[in-house]
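Spelled out, the chains give:
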Amino acid sequence: MKRKRPDRHHGAHRTRWNRNLAVTLVSGLALLLVLGLVFSVAYGSQRITTSASALHDADETLRAATVTRAQLALGVHMATVDREFGTNSGAALELSISEAETALADLAIGIDQLYRDVAAADGRLNGAATRFSDDGRRVIELLDAGDVTAARELAAGGFDAGFRTLTDLLVDLRDELSLSVESSDQMLGRIGNIARFLVAFLVPAAVIVVYRELVRRQQ
């Protein structure tokens, strides 16, 4: 009885099929890795852009709050001096009030922009900004009405306390956004290193494997 010889053609066909499968898997994994890197870079860039824009808004809002407090404190001081010593600081007082009103408008714009850009902004920031703005406008109304004593008491009391609360929240948010920008930048740096490794080693290796497979098929 003759022993059945192994089918060499079938074995060679199976070897080629395994080789093709390996090449396909390697190529697919490389493609997925490249797509993942592209997505990560796009996400990281978007996150940096959003955080940097919000960081700028936080700085501008903090500046507006500081200008408002400084101008109203100066206005209250000038009104007090005018009342005590009979001086006339009308033009300078009007300028301080005008600057404070402009700063309050900038503050409102900055708070709105922060809530559009930063989903993590909590309700405390909006509440603190509202109280500070309301007290600031009340100080302006009292100065316009000539009630210097009430304006001075409000400026030294609730208005000043509201300023400290608002600026503390803004500084915390600014620090958080700064850390977010820094961490995103570090993530992009790591992704860049991986991308350079792929370009320098894996991509040429994949090209060589595919080229060898094509030559083997031609032979």
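What you see is a predicted model, and the numbers here were worked out from it, not measured in a lab. Per chain, residue numbering runs from 1 following the sequence as it is written. Only residues with pLDDT of at least 70 are given local features in this predicted model, and only at 80 or more are side-chain atom pairs given and counted; all residues enter the totals for whole chains, interfaces and linings. Only hydrogens and water are set aside; all other atoms, that is, all heavy atoms of the structure, feed into the side-chain values.

### Observations concerning the packing of aromatic side chains
Two measures describe an aromatic ring pair: the distance that separates the ring centres and the angle between the ring planes. Put simply, the rule reads: Ring pairs are drawn from Phe, Tyr and Trp, using the six-membered ring of Trp, whenever the two centres fall within 6.5 Å, and their geometry is named by plane angle: stacked under 30 degrees, edge-to-face over 60, tilted for the rest. Each helix is a run of DSSP H or I of at least 4 residues and each strand a run of E of at least 2, with the numbering of both proceeding from the N terminus. Accessibility here uses a 1.4 Å probe with only protein chains present; expressed as a share of the type maximum, an area under 20% marks a residue as buried, one over 50% as exposed, and anything in between as partly exposed.
In the structure shown here, the tally under the stated rule is 2 aromatic pairs. Here the aromatic rings of Phe132 and Phe159 are separated by 4.8 Å at their centres, their planes lie at 15°, and the arrangement is stacked. With Phe132 in helix H3 (residues 123-145) and Phe159 in helix H4 (residues 148-218), the pair connects residues that are 27 residues apart, well separated along the chain. Phe159 shares its class with Phe132; the two are buried. Arranged with centres 6.0 Å apart and planes meeting at 45°, the rings of Phe132 and Phe163 form a pair that is tilted. Of this pair, Phe132 sits in helix H3 while Phe163 is found in helix H4, placing the two residues 31 residues apart along the sequence.

### A few points about the side chain of Asp82
For clarity, the cut-off: When charges are tallied, Lys and Arg are placed among the positive residues and Asp and Glu among the negative ones, while His and the ends of the chain are skipped. A side-chain nitrogen of Lys or Arg and a carboxyl oxygen of Asp or Glu constitute a salt bridge if their distance falls within 4 Å. In what follows, a contact means two residues having at least one pair of non-hydrogen atoms within 4.5 Å.
Position of Asp82 relative to the elements: it lies in helix H1 (residues 8-85). Buried within the structure, Asp82 lacks any salt-bridge partner; its nearest side chain of opposite charge belongs to Arg83, at an N-O separation of 10 Å. Non-local contacts of Asp82, meaning those with residues more than four positions away in its chain, are made with Thr87, Asn88, Ser89 and Gly90.

### Concerning the nonpolar core
Put simply, the rule is: As used in this record, nonpolar core signifies buried Ala, Val, Leu, Ile, Met, Phe, Trp, Tyr and Cys residues forming a set joined through side-chain atoms within 4.5 Å.
Among the nonpolar cores identified, the biggest contains 36 residues, and Leu107, Leu114, Leu125, Phe132, Val139, Leu143 and Leu166 are the most heavily contacted of them. Contributing elements (two or more residues each) for this core: H1, helix H2 (90-117), H3 and H4. Counting residues per element, this core draws most heavily on H4, at 11 residues. What Leu143 contacts, discounting residues up to four positions off in sequence, is Gly75, Val76, Ala79, Leu93, Ile97 and Ala151.

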